[in-house]
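Residue-level listing of the chains:
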Amino acid sequence: MLSSLTIEVRRMLAGNFFLIGCCGFYLAWWLLAFKPTGAVKGIKSGWLLLPALILGVMAIVQIIRGCGGDFAGKLLFAQRYAIFAGIAAYVILLGVTYKLLNRPVTTELLLIVGWCVLTVCELNALYALGCFTKSGTVGAIVLVLIAAAISLVCYLLYYSLDAQSGYIDGMAPLILAGLIMAGISVKVLM
């Protein structure tokens, strides 16, 4: 089955699996380090961020390599549009959340927007490679945007929540990203 897939698709699938692993390690760290009672702090939980970082970088590299094929005329839209939209969205969201809403800036905002852009570009490339129909691609992109919006809401609410609610709130973006990457992978492998 895998041998029949193009190198670009195999790279994107590998990237998806790395990203799912990244989300898993990040979630494990969150579950330990942010428990409302009995949190495991310092290196006892912090070491989980190292494999999360390594897997995250590997995911980005593989997905970008997979998206880098020659898809002239086959994409739904030029990949640069998603990248420019992501940069603009990040700058606007950074200004709105920090300046207007007084939300402290954390890396999660960059991770949410970066994941969204990366996944939209991946879906666009998978469409060009015939792995998704046009309507399937548009539907999947809408799901990614909804997940990013939910993650952004979680990002905005976090500091206003009590410890237990914040603990749950912080898990949602990781779970959503992992599930979406798993769903894309399953669809490609079907």
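Residues numbered from 1 in each chain as written. Predicted model: local features only at pLDDT ≥ 70, side-chain atom pairs only at ≥ 80, totals over all residues. Heavy atoms only, no water.

## Focus: the overall build of the protein chain
And step 1. Tallying secondary structure elements over the protein chain gives seven helices and zero strands in all.
And step 2. Start at the N end of the protein chain and walk to the C end: the helices and strands fall as α-α-α-α-α-α-α.
And step 3. In terms of overall dimensions, the protein chain is globule-like: its C-alpha atoms have a radius of gyration of 17 Å, near the 16 Å expected for 190 residues.
And step 4. Structurally, the protein chain occupies a C-alpha span of about 50 × 35 × 25 Å along its principal axes.
And step 5. When burial is assessed residue by residue, the protein chain has 39% of its 190 residues classed as buried.
And step 6. Restricting to contacts in the protein chain with at least 6 residues of sequence separation, those with at least 24 account for 78%.
And step 7. Between the averaged position of the 12 positive side-chain charges in the protein chain and that of its 6 negative side-chain charges there is a distance of 4 Å. (Helix = DSSP H or I, 4+ residues; strand = E, 2+ residues; numbered from the N terminus. Rg over C-alpha atoms; globule rule 2.2 N^0.38 Å. Buried < 20%, exposed > 50% of the residue type's maximum accessible area, 1.4 Å probe, protein only. Contact = heavy atoms within 4.5 Å. Lys, Arg positive; Asp, Glu negative; His and termini not counted. Charge placed at Lys NZ, Arg CZ, Asp CG, Glu CD.)

## As for the side chain of T97
And step 1. Note that T97 resides in helix α4 (residues 79-100).
And step 2. Note on T97: relative accessible area 2%, which makes it buried.

## Considering the packing of aromatic side chains
And step 1. A complete count under the given rule lists six aromatic pairs for this structure.
And step 2. Taking the centre distance of 4.0 Å and the plane angle of 15° together, the rings of W30 and F34 count as stacked.
And step 3. For W30, a relative accessible area of 7% corresponds to the buried category.
And step 4. With relative accessibility at 28%, the residue F34 sits in the partly exposed group.
And step 5. Cluster of aromatic residues (ring-pair linked, three or more members): Y26, W29, W30, F34, Y158 and Y159.
And step 6. Above the plane of the ring of F34 lies K41, whose end atom (NZ or CZ) is 5.0 Å from the centre.
And step 7. A cation over a ring is seen here: K187 above F132, with NZ or CZ 5.2 Å from the ring centre. (Phe/Tyr/Trp six-rings, centres within 6.5 Å; stacked < 30°, edge-to-face > 60°. Lys NZ or Arg CZ within 6 Å of the ring centre and 35° of its normal.)

## Side note on helix α3 (residues 49-67)
A turn of α-helix holds 3.6 residues, and therefore any two residues three or four places apart point the same way.
And step 1. Compared with the 27 Å implied by 1.5 Å per residue over 19 residues, the 26 Å span of α3 between its first and last C-alpha is a close match.
And step 2. Looking at the packing, one finds that the buried side of α3 touches α1 (7-33), α4, α5 (107-128) and α7 (163-189). (Expected span 1.5 Å × (residues − 1).)

## Some points on the side chain of T119
And step 1. In this fold, T119 is placed in helix α5.
And step 2. If we ignore the near neighbours within four places in the chain, the residues touching T119 are V144, I180, M181 and I184.

## Some details on the packing of α1 against α3
And step 1. It is at 7 Å that the axes of α1 and α3 come closest, and there the two elements cross at 160°. On the basis of the axis angle, α1 is roughly antiparallel to α3. Taken as a pair, α1 and α3 cross one another with a handedness that is left-handed.
And step 2. Considering only residue class, the contact of α1 with α3 consists of 16 nonpolar, six polar and three charged. (Axes fitted to C-alpha atoms, helices over the stretch in contact; angles between N-to-C directions. Parallel < 35°, antiparallel > 145°, perpendicular 65-115°, else oblique. Left-handed = near helix turned anticlockwise from the far one by under 90°. Nonpolar A, V, L, I, M, F, W, Y, C, P; charged D, E, K, R; others polar.)

## Quick word on the environment of Y167
And step 1. Structurally, Y167 is set in helix α7.
And step 2. The exposure class of Y167 is buried, given its relative accessible area of 12%.
And step 3. As a C-alpha pair, Y167 and L31 span 136 residues in sequence and 7.8 Å in three-dimensional space.
And step 4. With residues up to four places along the chain from it excluded, the contact list for Y167 reads W30, L31, F34, K35 and P36.

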